[in-house]
Structure formats: structure tokens, C-alpha cells
Amino acid sequence: HLSLRRQRQMCIRDRISEGFFTTSDIGHLKDGKLVIDGRADDVIITGGENISLAAIDSVLSKNFPDIRTAAFAVDDQQWGQALHIAITSTEVGDEEISRTLEKEFGKAGKPKGFLHISEIPLMGIGKVDRLALVKLQLSQLLKVRPEGSH
């Protein structure tokens, strides 16, 4: 068996190519410095357009600093992935959030659903647990679906 230290060394070595360490981070250069915008695995494809969940979260926190929100995606037959927003407040309406996001990102940025919850679920490292949000949303959708529909 390989030691944990040796396994980590091998994992890191496999991610270095031509002197660069490969990550799933997305960023841009600003004034000669790298600014991390988010992760590639936080980009969804909705209606044929790429939308960064981190960018959605950033716009929401900038425009609605007093409420807690989180963007997540639910698989959808029509859209591929449908943008949904979890929100912990009733101070701001769904329509206001929709207008803000559509203005910033176009039609693809308009949420297809909202999840009103008391608290945003977090992973152990303090990041939003988007998978937990998907599960919560799907359980809510199943509760409101009329009997006999699929």
C-alpha cells in the first residue's frame, strides 16, 4: 500500500504539465495579476449558453447585500440545466431577483425556479453545498406536482 504522503505526491505530479499546475479554477488577468473568478465545475449550460454560478452569486450579493442567496442548477429537459436560486429572505421578491439577473446575463440568467429556505446548506469548508440545494429543490417539486403527472 502507498502511504498517504506518497499518494498526494503522485496526485500533484500528475497535475503538473510543462511547469504549470492544472486546476479547475477560472480567472482573468487584471493589472497584471490573476483574479480567480470561480471554478469550471460551477459553470452550467442553460439554453445553450454558459453561465457561471459564481458570477450569479456575485451579482446577487452585490445587488442584495442584506440577504443570503445561492445559485444552483437542476437538470431540465428543455434547458439542459435550469438556473435556480435559493433565498433565505422574504425582503426581496423573486421577480426583483429575476429582473436583476436577466438584466446582467440576458435570458439565460433568468432563474427558472426559486427555493425559499431558512438557511443555505454549507459543506464542511464553508462553501455552498449546491448538491444539497438540488436535492431540496427536487423534493419540493415532487411535493407540489399534481397526482398522476410525470
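Everything numeric in this text was worked out from a predicted model, so none of it was measured. (Residues numbered from 1 in each chain as written. Predicted model: local features only at pLDDT ≥ 70, side-chain atom pairs only at ≥ 80, totals over all residues. Heavy atoms only, no water.)

A. Highlighting helix α2 (residues 53-63). The complete set of buried residues in α2 reads Leu 53, Ala 54, Ile 56, Asp 57, Val 59 and Leu 60. Of the residues flanking the start of α2, the one acting as N-cap is Ser 52, its side-chain oxygen 3.3 Å from the backbone nitrogen of Ala 54. (Buried < 20%, exposed > 50% of the residue type's maximum accessible area, 1.4 Å probe, protein only. Helix = DSSP H or I, 4+ residues; strand = E, 2+ residues; numbered from the N terminus. Polar contact = N/O pair within 3.5 Å; in protein donor to acceptor, adjacent residues only side chain to side chain.)

B. View of the nonpolar core. Residues Ile 56, Leu 60, Leu 83, Ile 85, Ile 97 and Leu 101 are the most contacted members of the largest nonpolar core, which totals 18 residues. Contributions of two or more residues to this core are made by α2, β7 (69-76), β8 (80-87) and α3 (94-105). With residues up to four places along the chain from it excluded, the contact list for Leu 60 reads Pro 65, Thr 69, Ile 85, Ile 97 and Leu 101. In terms of nonpolar packing, the next biggest core, distinct from the first, is built from 10 residues, Ala 70, Val 74, Leu 115 and Val 134 among them. (Core = buried A, V, L, I, M, F, W, Y, C linked by side-chain atoms within 4.5 Å. Contact = heavy atoms within 4.5 Å.)

C. Highlighting the pairing of strand β9 (residues 113-116). Pairing between β8 and β9: 4 bridges, direction parallel. Residue pairing in the sheet places His 84 in a bridge with Gly 113 of β9. The parallel pair β8 and β9 is bridged by α3, and the resulting crossover is right-handed. (Pairing = 2+ DSSP bridges. Right-handed = clockwise from strand over helix to strand, strands pointing away.)

D. Geometry of the side chain of Arg 130. Here Arg 130 lies in helix α4 (residues 130-144). Side-chain polar atoms of Arg 130 contact the backbone oxygen of Ala 71, separated by 2.3 Å.

E. Seen up close, the environment of Glu 119. Relative to the assigned elements, Glu 119 resides in the loop between β9 and α4. Among the residues examined, Glu 119 registers a relative accessible area of 61% and is labelled exposed.

F. Region of the structure containing unusual backbone geometry. We note that Asp 31 has phi near 55°; this positive angle belongs to a residue other than glycine. Relative to the helices and strands, Asp 31 resides in the loop between β3 (25-30) and β4 (33-39). The exposure class assigned to Asp 31 is exposed, which follows from its relative accessible area of 74%.

G. A look at the pairing of strand β6 (residues 49-52). In terms of strand pairing, strand β5 (residues 43-46) meets β6 through 4 bridges, oriented antiparallel. The partner of Ile 45 across the bridge, within β6, is Asn 50. Counting the residues in the hairpin turn of β5 and β6 gives 2 residues, including Gly 47, whose phi is positive at 60°.

H. Spotlight on the packing of aromatic side chains. Taken as a whole and assessed by the stated rule, the structure comprises 0 aromatic pairs. We note Lys 112 situated over the ring of Trp 79; from NZ or CZ to the ring centre the distance is 4.1 Å. (Phe/Tyr/Trp six-rings, centres within 6.5 Å; stacked < 30°, edge-to-face > 60°. Lys NZ or Arg CZ within 6 Å of the ring centre and 35° of its normal.)

I. The arrangement of a nonpolar patch on the surface in detail. Taken together, the side chains of Leu 29, Leu 34 and Ile 36 make up a nonpolar region of the molecular surface, amounting to roughly 350 Å² of accessible area. The topology assignment puts Leu 34 in strand β4. Classification of Leu 34 as exposed rests on a relative accessible area of 59%. (Patch = residues over 30% accessible without salt bridge, like charges linked within 9 Å, V, L, I, M, F, W, Y side chains within 5 Å. Areas by Shrake-Rupley, 256 points an atom, 1.4 Å probe, with all protein chains shown as cover. Salt bridge = Lys/Arg side-chain N within 4 Å of Asp/Glu carboxyl O.)

J. Expanded view of the packing of α2 against α3. Direction vectors running N to C along α2 and α3 enclose 125°, while the axes themselves pass 11 Å from each other. Looking at the two axes, α2 sits oblique to α3. Between α2 and α3 lies a crossing whose hand is right-handed. Touching Ala 55, Ile 56, Val 59, Leu 60 and Asn 63 of α2 are Ile 97, Thr 100, Leu 101, Glu 104 and Phe 105, all from α3. When its residues are assigned to classes, the contact of α2 with α3 shows 7 nonpolar, 2 polar and 1 charged. (Axes fitted to C-alpha atoms, helices over the stretch in contact; angles between N-to-C directions. Parallel < 35°, antiparallel > 145°, perpendicular 65-115°, else oblique. Left-handed = near helix turned anticlockwise from the far one by under 90°. Nonpolar A, V, L, I, M, F, W, Y, C, P; charged D, E, K, R; others polar.)

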